Amino acid sequence: MSIEIHPTIAAINPYIPGRLAEEIEREFGITQATKLASNENALGPSPKALSVLRDETNTLNRYPDGNGTALKHSLAQKYGITADRIMLGNGSDELIALLVKTVMAPGDDAIIATPSFSIYETAVTAGFGNAIIVPLTDCHYDLSAMAKAITPRTRLLFICNPNNPTGTIVNGEQLLSFLHQIPKHVLVVVDEAYGEYVTTPDYPDIIGLQSQGHPLVVLRTFSKIYGLAGLRIGYGIASPTVIETMNKIRLPFNTNTLAQRAALAALQDDDHINASRAMNLTGKALFYDTFTQLGLPFTHSEANFVYVNTKQNGKVAFEALLRFGVIVRHIDGPMLRITVGLPHENERFITAFRTVMQTSPASNASSNL
Ligand SMILES: *Cc1c(COP(=O)(O)O)cnc(C)c1O
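Worth saying up front: this structure is predicted, and the values here are computed from it rather than measured.

Visitor: Which parts of the structure should I look at to understand unusual backbone geometry?
Guide: Across the chain, the bulk of peptide bonds are trans and the bulk of non-glycine residues have phi less than zero. The omega torsion across Thr114 and Pro115 is -5°, close enough to zero to call that bond cis. Looking at where Pro115 falls in the secondary structure, it is placed in the loop between strand S3 (109-114) and helix H6 (119-126). A cis amide bond links Asn164 to the next residue, Pro165, at an omega of 20°. Mapped onto the secondary structure, Pro165 falls in the loop between strand S5 (154-160) and helix H8 (172-181). Not every positive phi belongs to a glycine, and Phe128 is a case in point at roughly 60°. Structurally, Phe128 can be placed in the loop between H6 and strand S4 (130-135). Judged by relative accessible area, Phe128 falls into the partly exposed class, the value being 33%. Positive phi, normally seen in glycine, also occurs at Arg232, with a value near 65°.

Set out below in structure tokens:
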């Protein structure tokens, strides 16, 4: 007898993380590869977070505060809400999986866009739900197609805002008119992993919409602008009932002491956040100039990455860039996603990218961009 794996679970595609710099260095015999593949903050963690980490290590023989009281208190103040609406997670990835477990039964539907963050589909499938996939149109969410996909079995609907990998957003007006069309049995999950980078004035105010009674969850993370991806901590804001249920089914110590303390310090480090935003805007402008000069279509991104149509085989371009020590993300067909890095990393990418684009002729690789 061998262990039988359920066919639904066996068919799940594993998450493919961005290639590690050390891996590429070994494979291509290069040094100091530049990783622009996972939307991390190249400025590093907040210095304030680093200094509390050093002070906290002598408490590591103790269990964490399983409730994350201090961090939740600070988040509650920031958003002007009560702490019973906040849930901490081992990255927002964990919160996605917990939401599926909280509101979906086997055979229920969740509506997901493509291309978008792949974890939504994995979490839904792993929970024996049906992932109903609705393609983007012109790199934007097709909210009316998503509304039409709703059935009595729909429990969750995911909006990644800004969307990973396109960087595009659903604005406040679009979200509000969408919410008016959807029935109350559908919980809308708005994933704002890149929310702190957004500069457009019409970005939705999810807390405000929640207080008007719309069934919404917002997810945020300390992995992106706060520069703490390695510590694994994120948070969600929802109704007290949803939060209470998620708390019942999570592991008791899902976020660790160091993560909680560093997140609290990072949350209050406005200088680090402002510097990260400024670096991002400069980097994006440089990338856009390069793509414009090369005649390559791209989307205007509200996040810390750009999405470009290379007009050729994107996988080949991705691999050619690896040989220059630059790691980006191949999405699909001709499309690449490049994270904004430090100024010298951006320059290194641009030099490599120009060479790669000029040595391999543009083909008719198809794309919606
Ligand atoms: C990076 C990312 C997350 C956050 O992941 P963590 O688990 O918090 O590290 C969530 N959603 C999207 C769309 C992301 O790109």
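Anyway, onward from the coordinates.
Visitor: Looking at this structure, how should I read the packing of aromatic side chains?
Guide: Each aromatic ring pair is characterised by the separation of its centres together with the angle its planes make. Counting across every chain of the model gives 13 aromatic pairs. Ring centres of Tyr194 and Phe305 lie 5.0 Å apart, and the angle between their planes is 80°; this geometry places the pair in the edge-to-face category. Of this pair, Tyr194 sits in the loop between strand S6 (187-191) and helix H9 (206-211) while Phe305 sits in strand S9 (residues 305-309), and the two are 111 residues apart along the sequence. Just as Tyr194 is buried, Phe305 falls in that class too. A centroid spacing of 5.0 Å and a plane angle of 25° characterise the contact between Phe349 and Phe353, whose relative ring orientation is stacked. In this pair, Phe349 and Phe353 both sit in helix H14 (residues 343-359), four residues apart, roughly one turn of the helix. Every member of this aromatic cluster is reached through a ring pair, and the members are Phe287, Tyr288, Phe291, Phe298, Phe349 and Phe353. Sitting over the face of the ring of Tyr79, Lys78 holds its NZ or CZ atom 5.5 Å from the ring centroid. Directly above the ring of Phe305 sits Arg337, whose terminal nitrogen or CZ lies 5.7 Å from the centroid.

About the cut-offs
Within every chain, residues take consecutive numbers counted from 1 along the sequence as written. Given that this is a predicted model, residues contribute local features only at a pLDDT of at least 70 and side-chain atom pairs are listed and counted only at 80 or more, while totals for whole chains, interfaces and linings are drawn from all residues. Neither water nor hydrogens contribute to the side-chain values; these are computed over all heavy atoms in the structure. Helix numbers and strand numbers start at the N terminus; a helix is a DSSP run of H or I with at least 4 residues, a strand a run of E with at least 2. Each residue gets one of three labels from its accessible area relative to the maximum for its type: buried under 20%, exposed over 50%, partly exposed in between, using a 1.4 Å probe on protein chains only. Pairing of aromatic side chains here covers Phe, Tyr and the six-membered ring of Trp, requires ring centres within 6.5 Å, and sorts the geometry by plane angle: under 30 degrees stacked, over 60 edge-to-face, intermediate tilted. Any Lys NZ or Arg CZ that is within 6 Å of a ring centre and within 35 degrees of that ring's normal is treated as a charge sitting over the ring.

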